[in-house]
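The lines below spell out each chain.
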Amino acid sequence: MAFNILYPSKKLSQLIAKSWLDRQELSIDKQFLLDNGLISRIDAEYVQEIVMDKNPEGPLPYVGEITISEEGEGKLRIRIPYPNRPPELTDEELERWVNDDNPDNIKPTNIYIPYSTS
């Protein structure tokens with residue numbers, strides 16, 4: 001399997017930031033991941049489930065989880081943090097990140113914008 005997690009992490013982070021600007025909640029499913037270039041069609045064959053849990057235990061109020069597996073290699077679980085917009089973030093900070101197309105900037109400078117997956 002050739003899942004590239006660095007580029008999708010930035011792009012997903014930017015999509016979350018854009019959803020906060022637009023005041024729209026993302027609905028993350030396999031088609032969303034494909035449409036936004038977060039996974040390839042080949043990778044999509046291995047996505048077994050995507051769970052959006054709006055009331056998980058822990059500090060984040062909204063979490064997505066993608067399970068990717070390849071026969072004989074077990075499972076890879078990717079947790080995607082998607083919290084509510086923190087009040088500390090300005091529209092200008094979000095717009096700067098949403099529009100950042102520099103490939104060297106792989107994560108936002110503001111700690112309140114989610115980036116990492118686990």
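Right above here is the structure, for reference.
Please read these numbers as outputs of a predicted model, since none were measured by experiment.

(A) Representation of the overall build of the protein chain in the model. Counting its regular elements, the protein chain contains 4 helices and 3 strands. N-terminal to C-terminal, the α/β element order of the protein chain is α-α-α-β-β-β-α. By the burial criterion, 42% of the 118 residues in the protein chain qualify as buried. Within the protein chain, residue pairs in contact and separated by at least 24 positions form 49% of the contacts whose partners lie at least 6 positions apart. Carbon and sulfur atoms make up 48% of the accessible area of the protein chain, which amounts to about 7,400 Å² in all.

(B) Examining the pattern of salt bridges more closely. With the rule as written, the count across this model stands at 3 salt bridges. We note a salt bridge from Lys 10 to Asp 100, for which the minimum N-O separation is 3.2 Å. Of this pair, Lys 10 sits in helix H1 (residues 6–22) while Asp 100 is found in the segment after helix H4 (91–98), placing the two residues 90 residues apart along the sequence. Across the pair, exposure class does not vary: Lys 10 and Asp 100 are buried alike.

What counts as what
Residues numbered from 1 in each chain as written. Predicted model: local features only at pLDDT ≥ 70, side-chain atom pairs only at ≥ 80, totals over all residues. Heavy atoms only, no water. Helix = DSSP H or I, 4+ residues; strand = E, 2+ residues; numbered from the N terminus. Buried < 20%, exposed > 50% of the residue type's maximum accessible area, 1.4 Å probe, protein only. Contact = heavy atoms within 4.5 Å. Areas by Shrake-Rupley, 256 points an atom, 1.4 Å probe, with all protein chains shown as cover. Salt bridge = Lys/Arg side-chain N within 4 Å of Asp/Glu carboxyl O.

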